[in-house]
Amino acid sequence: MSTKRSRKYYRNLADRLWQELMWYKWGGRCGLCGKRLGREEAIGHHFIGRRVYHLRHYPENGILLDNECHSHKPYAPHRSPNLFMDMIVKKYPDSYNWIQEHQHELGQEPDYKERCEFLRKEIKRWQ
Ligand SMILES: [Zn+2]
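Fair warning: this is a prediction, and the values are worked out from it, not measured in the lab.

> Sorry, what's going on with helix α5 (residues 112-126) here?
Along an α-helix, residues three or four positions apart point the same way, because every turn accommodates 3.6 residues. Across its 15 residues, α5 extends 21 Å between first and last C-alpha, which sits within 8% of the 21 Å expected from 1.5 Å per residue. Inspection of α5 places Y112, R115, C116 and L119 among the buried residues, and these make up the whole buried set. For α5, the arc enclosing every buried residue in end-on projection is 100°, short of the 170-degree limit, so these residues lie on one face. Residues of α5 that are exposed and point over 90 degrees away from its buried face: E114, K121, K124 and R125.

Structure (structure tokens):
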């Protein structure tokens with residue numbers, strides 16, 4: 001297997017583990033409206049975008065949302081990033097502070113295999 005293919009494999013796996021972690025960390029509920037969610041309908045939304053590879057799998061870098069709060073409500077991050085951030089400041093000041101601290105941070109693309117091992121441990125911690 002080539003290095004490139006293997007990196008993609010572990011990045012995809014880390015993406016799935018991060019989604020699973022979001023579900024446990026947020027107690028299976030939408031972080032904005034509180035609705036109880038099944039694993040399949042829950043969306044782990046990144047505060048700092050997925051293209052920022054070194055932060056992509058941080059436990060602090062996301063919130064669990066249902067489809068309505070992710071894409072359709074007036075405060076949904078994909079409708080109004082500003083209103084969404086207003087909600088985060090009010091409801092989750094620790095998350096807001098984390099975003100402020102890291103949003104302009106530069107970093108190297110991580111070793112995704114190591115990220116997977118880290119995420120598996122985090123999932124166990126929150127299960
Ligand atoms: Zn919701």
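> Quick question: what am I supposed to make of the pairing of strand β2 (residues 62-65) here?
Each regular strand shows side chains that alternate between the opposite faces of the sheet. Here β2 shows a buried face lined by G62 and L64 and a second buried face lined by I63 and L65. Relative to β2, strand β1 (residues 43-46) runs antiparallel, the two sharing four bridges. Within β2, the residue paired with G44 across the bridge is L64.

> Help me understand the environment of I63, please; the structure alone is not making it clear to me.
By the secondary structure assignment, I63 is in strand β2. Between the C-alpha atom of I63 and that of Q103, which follows or precedes it by 40 residues, the distance is 16 Å. Excluding its chain neighbours within four sequence positions, the residues that come into contact with I63 are W26, G31, H45, F47 and S95.

About the thresholds
- Residues numbered from 1 in each chain as written.
- Predicted model: local features only at pLDDT ≥ 70, side-chain atom pairs only at ≥ 80, totals over all residues.
- Helix = DSSP H or I, 4+ residues; strand = E, 2+ residues; numbered from the N terminus.
- Expected span 1.5 Å × (residues − 1).
- Buried ≥ 20, exposed ≤ 12 C-beta atoms within 10 Å, placed from the backbone.
- Arc of directions from axis to C-beta.
- Pairing = 2+ DSSP bridges.
- Contact = placed C-beta atoms within 7 Å.

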